[in-house]
Amino acid sequence: MLFPPTISAFSTPTTLDTFANVENLKAVYYIGDVNGWNSIDIGVGNDAVLNANIFFMDDIALTASSVEGVFGAKSRAEIPAYFRGLPVRIIGNVNYDASSSEASFKMANNVTEVVIPDTVTELIEYAFYGYSKLRSVRIGSGLKKISKSAFMGTGLLDLALPDGLVGIGASAFRQCSDLQNVFIPKSVTYIGTLAFSECISLSSIRYEGSEEEWNNIEKEANWAGSNVPTILFNQGG
């Protein structure tokens, strides 16, 4: 159960035991700190809430049951490296499949910048799909895989992929029509079909390695769609 920071009481003059008949409540997520939580008028008969595990969050939720727009009006979304004491390894998108059991972050549609921590190793399918106002993403050094359509349809302008990244999935950056600058490290061994298709502002891609190393990358047919950008190789490669 998720409570917003605006809540001030669990009771009303006519209803004191709002959660009296709630059973098996294991966890309560409160968007705020312990001081904010302690200021809430719990009322009487609400032992279910008091006996649950309380988790305090700073505008971020990590469950498929999280509430729409947890980031509120913030334009910058910095995903935490740890949640509930555990490292965040995989990022998914419940906006795409509400029935998904994948752990996911909910972001408001106005987010323009995302920071992904070093702990994250994989962005699953459709992770940031359709966030058209997303202009910038800072990716941590731990990322190994960007899955299908992870950034499809976003408004990214520049993209610097981290050293250590291995795979770029099909349609990963498809329809990123404002994308102008891309850097691909030589750790990449696979680029899926249509990964950079319909990126109409992308005329060239900087590649860390040599032309020979680029040619050794497994690239699916039409990885860049109909307009293949110029590849700029490392001058020392």
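See above for the structure.
Described below are features of the structure shown in this document. Just so it is clear, the model here is predicted, and its values are computed rather than measured. (Residues numbered from 1 in each chain as written. Predicted model: local features only at pLDDT ≥ 70, side-chain atom pairs only at ≥ 80, totals over all residues. Heavy atoms only, no water.)

1. Overview of the nonpolar core
Judged by nonpolar contacts, the single largest core of 43 residues is most densely connected at Leu 123, Phe 128, Phe 173 and Phe 196. Listing elements by their share of this core, those giving two or more residues are β8 (113-116), β10 (136-139), β14 (181-184) and β16 (204-207). Counting residues in hydrophobic clusters, the runner-up holds 11 residues, among them Trp 37, Ile 40, Ile 42 and Ala 52. (Core = buried A, V, L, I, M, F, W, Y, C linked by side-chain atoms within 4.5 Å. Buried < 20%, exposed > 50% of the residue type's maximum accessible area, 1.4 Å probe, protein only. Helix = DSSP H or I, 4+ residues; strand = E, 2+ residues; numbered from the N terminus.)

2. A word on the sheet that holds strand β18 (residues 230-233)
Taken in spatial order, the 4 strands of this open sheet run β12-β14-β16-β18, and their pairing is parallel. A single partner strand is all that each edge strand has here, and the edge strands are β12 (158-160) and β18. Averaged over all neighbouring strand pairs, the angle between strand axes comes to 20°, with direction disregarded. (Pairing = 2+ DSSP bridges. Axes fitted to C-alpha atoms, helices over the stretch in contact; angles between N-to-C directions.)

3. Comments concerning the pattern of salt bridges
Applying the stated rule across the entire model yields 2 salt bridges. Its salt-bridge partner being Asp 178, residue Arg 135 comes within 2.8 Å of it at the nearest N-O pair. One end of the pair, Arg 135, is in the loop between β9 (122-123) and β10; the other, Asp 178, is in the loop between β13 (167-168) and β14, and 43 residues separate them in sequence. By relative accessible area, which is 29% here, Asp 178 ends up partly exposed. In this structure, Arg 174 engages Glu 198 in a salt bridge whose closest nitrogen and oxygen atoms are separated by 2.8 Å. (Salt bridge = Lys/Arg side-chain N within 4 Å of Asp/Glu carboxyl O.)

4. So, the environment of Ala 127
Tracing the backbone shows Ala 127 in the loop between β9 and β10. Relative accessible area serves as the criterion here: at 3%, Ala 127 is assigned to the buried category. Between the C-alpha atom of Ala 127 and that of Ile 90, which follows or precedes it by 37 residues, the distance is 9.5 Å.

5. What to know about the sheet that holds strand β4 (residues 76-78)
Read across the open sheet, the 3 strands follow the order β4-β8-β10; overall the sheet is parallel. Each having just a single partner strand, β4 and β10 make up the two edges of the open sheet. Between one strand axis and the next, the sheet turns by 10° as a mean value, whatever way the strands run. Direction of pairing for β8 relative to β10: parallel, over a ladder of 4 bridges. Residue Glu 113 lies in a different strand from β10, and its bridge partner there is Ser 136.

6. Topic: unusual backbone geometry
A positive phi angle, near 60°, is found at Ser 171, a position not held by glycine. Position of Ser 171 among the secondary structure elements: in the loop between β13 and β14. Under the relative-accessibility criterion, Ser 171 is labelled buried at 8%. Its identity is not glycine, yet Leu 194 carries a phi of approximately 60°, on the positive side. Secondary-structure assignment places Leu 194 in the loop between β15 (190-191) and β16.

7. Thoughts on the pairing of β14
In β14, alternate side chains face the same way, and those of Val 182 and Ile 184 are buried while those of Asn 181 and Phe 183 on the opposite face are not. Note that β12 and β14 share 3 bridges and pair parallel. Among the inter-strand pairings, Asp 158 is bridged to a residue of β14, identified as Asn 181. One ladder, built from 2 bridges, connects β14 with β16; its direction is parallel. By the bridge assignment, Ile 184 is partnered in β16 with Tyr 207.

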